[in-house]
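Descriptive analysis of the structure
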Amino acid sequence: MTVTMAKALNDGLRAAMEGDPKVVVMGEDVGRLGGVFRVTDGLQKDFGEQRVLDTPLSESGIVGAAVGLALRGYRPVCEIQFDGFVFPAVDQISSQLAKLHYRSQGRVRMPVVVRIPFGGGIGAVEHHSESPESLFAHMPGLKVVACASPSDAHWMLRQAIASDDPVIFFEPKRRYWEKGVVDDDPPPLHTARVLRRGTTAVLACYGPMVRTCLDAAAAAEADGHDLEVIDLRTLSPLHLDPVFDAVRRTGRLVMVAEAPSSVSVAAEVAARVQEECFHSLESPVLRVTGFDTPYPPSRCEDDYLPDLDRVLDAVDRAVAW
Amino acid sequence: MSVPHDWIPAVDAPPGPPREHVLAGLRGTDEGPDLVQLLTPEGERIACPAYDAHVADVDTAALQALYRDMVLVRRADREATALQRQGELGLWVPLLGQEAAQIGAGRALRAGDMAFPSYREHGVAWCRGVDPTELLGIFRGTDHGGWDPVATGFHLYTIVIGNQCLNATGYAMGQRFDGRVGGPEAEATMCFFGDGATSQGDVHEGFVWAAVYDAPVVFYCQNNQWAISEPNERQTRVPLYRRAQGYGFPGIRVDGNDVLACLAVSRWALEECRSGNGPVLIEAFTYRMDAHTTSDDPSRYRLADELELWKLKDPLERVRVHLVRGLGVGNDFFDEVAADSDALAARLRAHCLAMPQPGPERIFSHVYAEPSPELDAQRDAYLAYHASFEGGAE
């Protein structure tokens, strides 16, 4: 049976809440409305207002109160309504959530998940299409993941909730309604996954760009290019062994992400690959990303977002190097 | 709900800024008409019908114990300040002048309650059973907080101003969710912050959240008149305790240099929270008699006369006078307290000088609860590099 990513997330939340009475869901409009993307649909009706909290419109409050609830033994799952609204919470995320385990030398744990719908492609007004994941990957003490398929959405969310570390959980909002089968046997949370084997070059990606890269790899067959596609899934810590392995086999890597490229996860992957695979590289690591600009007005987003053609152009450049 | 204090403003309350809190250029000398006080600066016990019942059990021995607490935390504070001056601590944050505000609140807490301090709450730490030696690591640079926040019911110091108001509120929400409001196992949370913190968004959000979730949390603001160099009027137009009105819960101003009044008001407020009538805001009106930290120089922004005036309201002196004149306590007690405080200071100093230097592995320890292979690799690489020097030196 196939389900949408939004439904897979909803099922994952429900399973986590059924499995542990300490799991609470909190955020703006997550209760009666079921969330603006309906990811929490029906949960308040079934679990009550004390397990699914419609919170004040207060992002610092959502994370700050979740820190206090975690100190009390709860496992809060916070929803930040849109990527661009997370910034009032960044103080609590960086100063408290990320550091309390370290500051207390392990005496207190912070099993908090902060879910953030991210990325563009839905024609939204500003602050609704951003990709701030690199910011959080730069904060020691946090773990950062991005799901790309309904199966990963379901299982990675459950694994993140079960984790005793704080996890920033990025959901590609433009993929919420794409359908897929939820697997029975999920890989561990902090592992990258090879989605397609290939010999010409490697496409490394995460979140909304995974679908773009798979489409690009399919289209590249017509040009005689056999592309490997790796979904990074975990952005902090990175799990790059499959990428290193693929680069050693193919000699070429194109890193694809929506976020601005400078000082980003994509930049970090490029740096690591040149450290680990220097003698295997046939061409420089190329990045296909958003630009170093604020997210543009949505009428321009088709030019801003990496698409199949930009990915294949980079592949051509890598091959022709 | 029993609110022994009329916190709802009169309809004909004068608009605009309140009465001045500056007399002849000296700040914080007029506490306003609503100040709760049980023991005057001259050491006279005065009747306070609204709160007397909350300290009816405080006999001579109990008052002696409160006095001893204050003397010991002041002595530890002075010793730590000296240790900083002698280069043994990188920094110290003095509590001088705020002993009554902290001991009164700290002794109102029960074992099952939770306290969220800012970073000046050495007196509250003392009441929670955190030994003064455990505070030193932060300021000597050997740890970020050496005590167990769970076992002591005393969260780690929070240095980012105001963050803890939301953390405390979340914790108190958990107390309510756990059914620990009302009944014999009732608990409450107390959150400590200063006058400067009241300008932070997190304090506002904490007030909002606590109000809408009926969280059993006492917001305990020590208004010591100064946020480093900035006086109260850079933070507020209204007396801080009155802000509670806007959030829909009681706000009380208490003489923060009166340990008995702080104890009484804190006990009342905690009981309100335990019985489901929280939150409550307490403004303890006090004075920071020393610098903000040992790196600060108050002579650049405030008059020396102001400190002289506040010395007349010293929190320890009024209790000593009351014990001697009002209750007939003899010199033996004061000699014993002095000896105890000297012994504490000596122990603090000896502990400080003997604190071990953490090794480089400390950098990497407990970043995560669960393994991070990337970080482990970084650690292993650095420790190997470090070890290569040790080997080379042989």
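Reading guide: rules and limits
Residues numbered from 1 in each chain as written. Chains lettered and ligands numbered in written order. Predicted model: local features only at pLDDT ≥ 70, side-chain atom pairs only at ≥ 80, totals over all residues. Contact = placed C-beta atoms within 7 Å. Helix = DSSP H or I, 4+ residues; strand = E, 2+ residues; numbered from the N terminus. Nonpolar A, V, L, I, M, F, W, Y, C, P; charged D, E, K, R; others polar. Domains from an automatic or database assignment. UniProt positions renumbered as here; feature names shortened; annotations may be inferred. Pairing = 2+ DSSP bridges. Axes fitted to C-alpha atoms, helices over the stretch in contact; angles between N-to-C directions. Left-handed = near helix turned anticlockwise from the far one by under 90°.

A separate point is the interface of chain B and chain A. Taken together, the contact pairs 35 residues of chain B with 34 residues of chain A. Sorting the residues of the side of chain B that touches chain A by element identifies α5 (149–152), α6 (163–177), α7 (201–212) and α13 (373–392) of chain B as the ones contributing at least two each. Examining the composition of the side of chain B that touches chain A, we find that eleven residues originate from one element, α6 of chain B, more than from any other. The residue makeup of the side of chain B that touches chain A, split by class, is 17 nonpolar, twelve polar and six charged.

Many descriptions give the size of an interface as the accessible area lost when the pieces come together. For chain B, the assigned domains read domain 1 (28–354) and domain 2 (359–394). With centres defined by C-alpha atoms, the gap from domain 1 of chain B to domain 2 of chain B works out at 40 Å.

A few words now on the UniProt feature "domain: Dehydrogenase E1 component" (unreviewed entry) in chain B. If you check UniProt for "domain: Dehydrogenase E1 component" (unreviewed entry), the listed places come out as residues 68–325 of chain B in our numbering. With 42% helix and 12% strand, the stretch residues 68–325 of chain B has end C-alpha atoms that lie 17 Å from each other.

Across a sheet, strands are paired by hydrogen bonds formed along the backbone, either parallel or antiparallel in direction. Residues and elements named next belong to chain B. With parallel pairing, five strands are arranged side by side in an open sheet as β3-β4-β5-β9-β8. Both outer strands of the open sheet, β3 (114–116) and β8 (251–255), are each paired with one neighbouring strand and no more. Taken pair by pair, the neighbouring strands of this sheet meet at an average axis angle of 20°, ignoring direction. In this sheet, strand β5 (residues 217–223) lies alongside strand β4 (residues 189–194) in parallel orientation, the contact comprising six bridges. Across the sheet, Cys 191 pairs through a bridge with Phe 219, a residue of β5. Each of β3, β4 and β5 touches α6; the most contacted strand, β4, lies at about 170° to it. On top of the sheet, helix α9 (residues 259–274) reaches β4, β5, β8 and β9 (280–285); it is set at about 170° to β9, its chief contact.

It is worth spelling out the UniProt feature "domain: Transketolase-like pyrimidine-binding" (unreviewed entry) in chain A at this point. UniProt records the feature "domain: Transketolase-like pyrimidine-binding" (unreviewed entry) at residues 3–178 of chain A, using the numbering of this structure. Across residues 3–178 of chain A, helical content stands at 36% and strand content at 18%; the span's end C-alpha atoms are separated by 8 Å.

Residue and element names in this part refer to chain B. Relative orientation of the contacting elements helix α1 (residues 60–85) and helix α11 (residues 315–326) amounts to 145°, with a least axis distance of 10 Å. Relative to α11, the crossing made by α1 is left-handed. Contacts between α1 and α11 involve Leu 63, Gln 64, Leu 66, Tyr 67, Met 70, Val 71 and Arg 74 on the former and, on the latter, Pro 315, Leu 316, Val 319, Arg 320 and Leu 323. Per-class residue counts for the contact of α1 with α11 are nine nonpolar, one polar and two charged.

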